[in-house]
Amino acid sequence: MANRLPVDLERAADGTLEVKPSPGGLVAALSPVLEQHRGCWVGWPGVVGEVPEPFRTDSGVLLHPVALSEDDYRDFYEGFSNATLWPLYHDLIATPTYDRSWWAAYREVNLRFAEAAAEVAAEGATVWVQDYQLQLVPGILRQLRPDVTVGFFLHIPFPSPDLFRQLPWREEVVRGLLGADLIGFHLAGCARNFLELTRQVAGRAGSHTGLPDTLEVSGDPSVREISAHVTAPDGRRVGVGAFPISIDLDSIAHPDPAEVEALRADLGHPDLLMLGVDRLDYTKGILQRLRAVEELLESGAMPQTRFTVLQVATPSRERIEHYRQARSEVEEAVGRINGRFGEPGRPVVEYLHRSVPKARLAVFYAAADIMLVTPFKDGMNLVAKEYVAAHPDGSGALVLSEFAGAAEELAEAHLCNPFDLDSIKRAIHQAAADLAYRPGEARARMLAMHRQVSEHDVDLWARSFLHCLEERR
Ligand code: ADP
Ligand code: F6P
């Protein structure tokens, strides 16, 4: 179960509901897993108010909608989930708001989700709860249905205890999570943060088996599971581990070269095509990368190269103030850069503020010489992995923030510090220079990353988590 179903329902003018794919990495990762297991997905269908009865997707997954009212949307989704937890867990890139009425809504909606799961889960079922919007569900579900096995996976970073301790309801959140049998994070660092936190915060709520200096590595090394245990208030041993999420390589289309060529022609045959694909979120560092491009143009650092930046920004959480601000800053920068450096019919930055069909995204990935992924903080970042998967021949280059979880696995990328404009500029410059003057080196980097992504796909992620969870029955 997850806050969102894999489809968003949209109410058309005549009142009927239309079905669209819903945004984000969680849905991209989990859809193939559920299709394979033919399980039931409990979640919100992206439209406020009344929801339809459970229905099946074309690929056979049973969807069980949970309703959110206008007030729930404001206080639970926009408020506590995305204006309290999101900035707190992303290391305070924006300042979190701590609002008691939002917390009340979070508790109430988590109860509703837990009740829905309790209603649909078969005797002794496995329930896999996803992400920061539903951290109280494991604890509630355990009380409602002690027979089910509960896993929890966090798709965003887990902050250091020093930051987390700001949260006025920190103990309740930790207790909620400890209702699970297994708690998974993307990175070992996040798992360590959680273990350290349980020692500091939940000390009064329950005992701790002791914090290991280095997390114990166990099981099949190719699964790379890292595990430790925390003792919950009711005496159960709860597993804690790192399971880096990945992508379904089969779902990455390899478009017809003619389509790729047509895109480059539409863009005026640039020497270098750079691409950004993100939800329009202030954590993604879109403005920083545009400013780096602007400074490269200003300084004439790449004189022989006529480049275009194609930036796709999916609308996201648009009523929240920090998101509005991020959008207006990005759009102002796009206008400024094109005004300063574009030519009639040839802007430097091509900007799309909308969702794009997967097949079209595949053309963008295949056409791009350099992919720009520069978040200030990101749990994993699947876009980076999708780009690598789209280049099985080793073409292209990836500029990647050190603060994206993916940087731990894609070490051959041109890594940069997104807080340092010079570092982003150096990474772009180096990627372009490799492509132009050291093609063998550029290819070797991309091939190494392609191998990594091929060997660690989303199926491995799901299997290793579910295997660890199964072992805890
Ligand atoms: P997040 O989960 O924070 O949104 P990720 O990079 O992990 O970030 O995942 C984003 C997912 O959304 C990827 O699968 C990507 O292909 C998809 N995506 C991003 N932008 C768009 C877009 N404009 N149109 C369609 N899909 C998009
Ligand atoms: O990966 C983080 C996440 O918040 C997911 O939980 C979510 O599906 C995705 O990003 C998109 O966000 P939202 O559901 O708020 O549009």
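Residues numbered from 1 in each chain as written. Chains lettered and ligands numbered in written order. Predicted model: local features only at pLDDT ≥ 70, side-chain atom pairs only at ≥ 80, totals over all residues. Heavy atoms only, no water.

Participant: Please set out unusual backbone geometry residue by residue, giving values where relevant.
Facilitator: One non-glycine residue, aspartate 91, lies in the positive phi region at around 55°. The topology assignment puts aspartate 91 in the loop between α2 (70-89) and α3 (100-120). Under the relative-accessibility criterion, aspartate 91 is labelled partly exposed at 33%. The backbone of histidine 269 sits at a positive phi, close to 50°, despite the residue not being glycine. Tracing the chain through its elements places histidine 269 in the loop between α8 (257-266) and β12 (272-279). With relative accessibility at 48%, the residue histidine 269 sits in the partly exposed group. (Helix = DSSP H or I, 4+ residues; strand = E, 2+ residues; numbered from the N terminus. Buried < 20%, exposed > 50% of the residue type's maximum accessible area, 1.4 Å probe, protein only.)

Participant: So, the sheet that holds strand β4 (residues 55-56): which residues are in play, and what are the values?
Facilitator: Spatially, β3-β5-β4 is the arrangement adopted by the three strands of the open sheet, whose pairing is mixed. Looking at the sheet topology across the chains shown, the edges are occupied by β3 (40-43) and β4. Taken together, the four bridges between β3 and strand β5 (residues 62-65) define a ladder with parallel strand orientation. Looking at β5, one finds that valine 42 is bridged to histidine 64. Contacting β3 and β5, α3 crosses the sheet at an angle of about 160° to β3. (Pairing = 2+ DSSP bridges. Contact = heavy atoms within 4.5 Å. Axes fitted to C-alpha atoms, helices over the stretch in contact; angles between N-to-C directions.)

Participant: Could you give an account of the packing of aromatic side chains, naming the residues involved and the relevant values?
Facilitator: Counted under the stated rule, the structure contains 25 aromatic pairs. Plain terms: the ring middles of tyrosine 89 and phenylalanine 164 are 6.0 Å apart, the flat faces sit at 50° to each other, and that makes the pair tilted. Of the two residues, tyrosine 89 sits in helix α2 while phenylalanine 164 sits in helix α5 (residues 161-164), which places them 75 residues apart along the sequence. Grouping residues by exposure puts tyrosine 89 and phenylalanine 164 together as buried. (Phe/Tyr/Trp six-rings, centres within 6.5 Å; stacked < 30°, edge-to-face > 60°.)

Participant: Describe the layout of surface pockets, and please don't skip the residues or the numbers.
Facilitator: A volume near 490 Å³ is recorded for the second largest pocket. Considering the residues around the second largest pocket, the lining is formed by 21 residues, among which Gly39, Cys40, Thr126, Val127 and Trp128 are closest to the centre. Every element with two or more residues in the lining of the second largest pocket is listed here: α1 (25-37), β3, α3 and β6 (126-130). Class assignment for the residues of the lining of the second largest pocket results in 16 nonpolar, four polar and one charged. (1 Å grid on protein atoms, 1.4 Å probe; cavity = no way out; pocket = protein on both sides within 12 Å on 5 of 7 lines; lining within 4 Å. Points joined across faces, edges and corners; volume = space filled by probe spheres on them. Nonpolar A, V, L, I, M, F, W, Y, C, P; charged D, E, K, R; others polar.)

Participant: Any chance you could break down the environment of glycine 239 for me, citing the residues and the numbers?
Facilitator: Within the secondary structure layout, glycine 239 lies in strand β11 (residues 237-242). Those residues in contact with glycine 239, other than ones at most four positions away along the chain, are Asp181, Leu182, Ile183, Ala228, His229 and Arg472.

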